[in-house]
Amino acid sequence: MFGTGLGAMVGLLVVALLVVPVSFGVAARADAKARRLSGSPAPDANEGRSVAVAEITGRCDQWRRLATQAWLICGGASLVAVVVVGVLICVG
């Protein structure tokens, strides 16, 4: 019975260590995309440009939300990995 829990902990550690780099990559790309969109040129007085700016602002907000979620997932998976390693050290 003890070996089954240990195997589950190792499996959880493997999953956490796979999630960390993937979520880090998604967060970094989403941050870069949001920065690129927020640095777009200033709008003119034309109405057509204001619609385009509103669309860019909406996309920028979506990328920022994605980046925030990915950073939270990355941090959470990192915390899980650290806790699991600590438990495995204490048990082992």
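The structure this text deals with has already been given above.
Residues numbered from 1 in each chain as written. Predicted model: local features only at pLDDT ≥ 70, side-chain atom pairs only at ≥ 80, totals over all residues. Heavy atoms only, no water.

What is the right way to look at the overall build of the chain in this model?
Of the regular secondary structure elements, the chain holds two helices and zero strands. Across the 92 residues in the chain, those meeting the buried criterion constitute 17%. If you sum the accessible surface of the chain, you get close to 6,500 Å²; carbon and sulfur atoms cover 69% of it. (Helix = DSSP H or I, 4+ residues; strand = E, 2+ residues; numbered from the N terminus. Buried < 20%, exposed > 50% of the residue type's maximum accessible area, 1.4 Å probe, protein only. Areas by Shrake-Rupley, 256 points an atom, 1.4 Å probe, with all protein chains shown as cover.)

For this particular structure, what's the right way to read the nonpolar core?
Note that soluble globular proteins tend to have their nonpolar side chains buried in a common cluster. Core analysis: the largest hydrophobic core is formed by five residues, namely Leu13, Ala16, Ala81, Val84 and Leu88. For this core, the secondary-structure elements that each account for two or more residues are helix H1 (2-38) and helix H2 (47-91). Considering each element in turn, this core owes the most residues, three residues, to H2. Here Leu13 is in contact with Ala81, Val84, Val85 and Leu88, once residues within four sequence places are set aside. (Core = buried A, V, L, I, M, F, W, Y, C linked by side-chain atoms within 4.5 Å. Contact = heavy atoms within 4.5 Å.)

Hey, could you run me through a nonpolar patch on the surface in this one?
Among the surface-exposed residues, Leu6, Val10, Val14, Leu18, Leu79, Val83, Val87 and Val91 lie close enough to one another that they form a single nonpolar patch of about 640 Å² accessible area. Breaking the nonpolar patch down by element, the ones donating at least two residues are H1 and H2. Its place among the elements puts Val87 in helix H2. (Patch = residues over 30% accessible without salt bridge, like charges linked within 9 Å, V, L, I, M, F, W, Y side chains within 5 Å. Salt bridge = Lys/Arg side-chain N within 4 Å of Asp/Glu carboxyl O.)

Sorry, what's going on with the environment of Leu6 here?
Relative to the elements of secondary structure, Leu6 occurs in helix H1. The exposure class assigned to Leu6 is partly exposed, which follows from its relative accessible area of 33%. The residues touching Leu6, leaving out its near neighbours within four places in the chain, are Leu88 and Val91.

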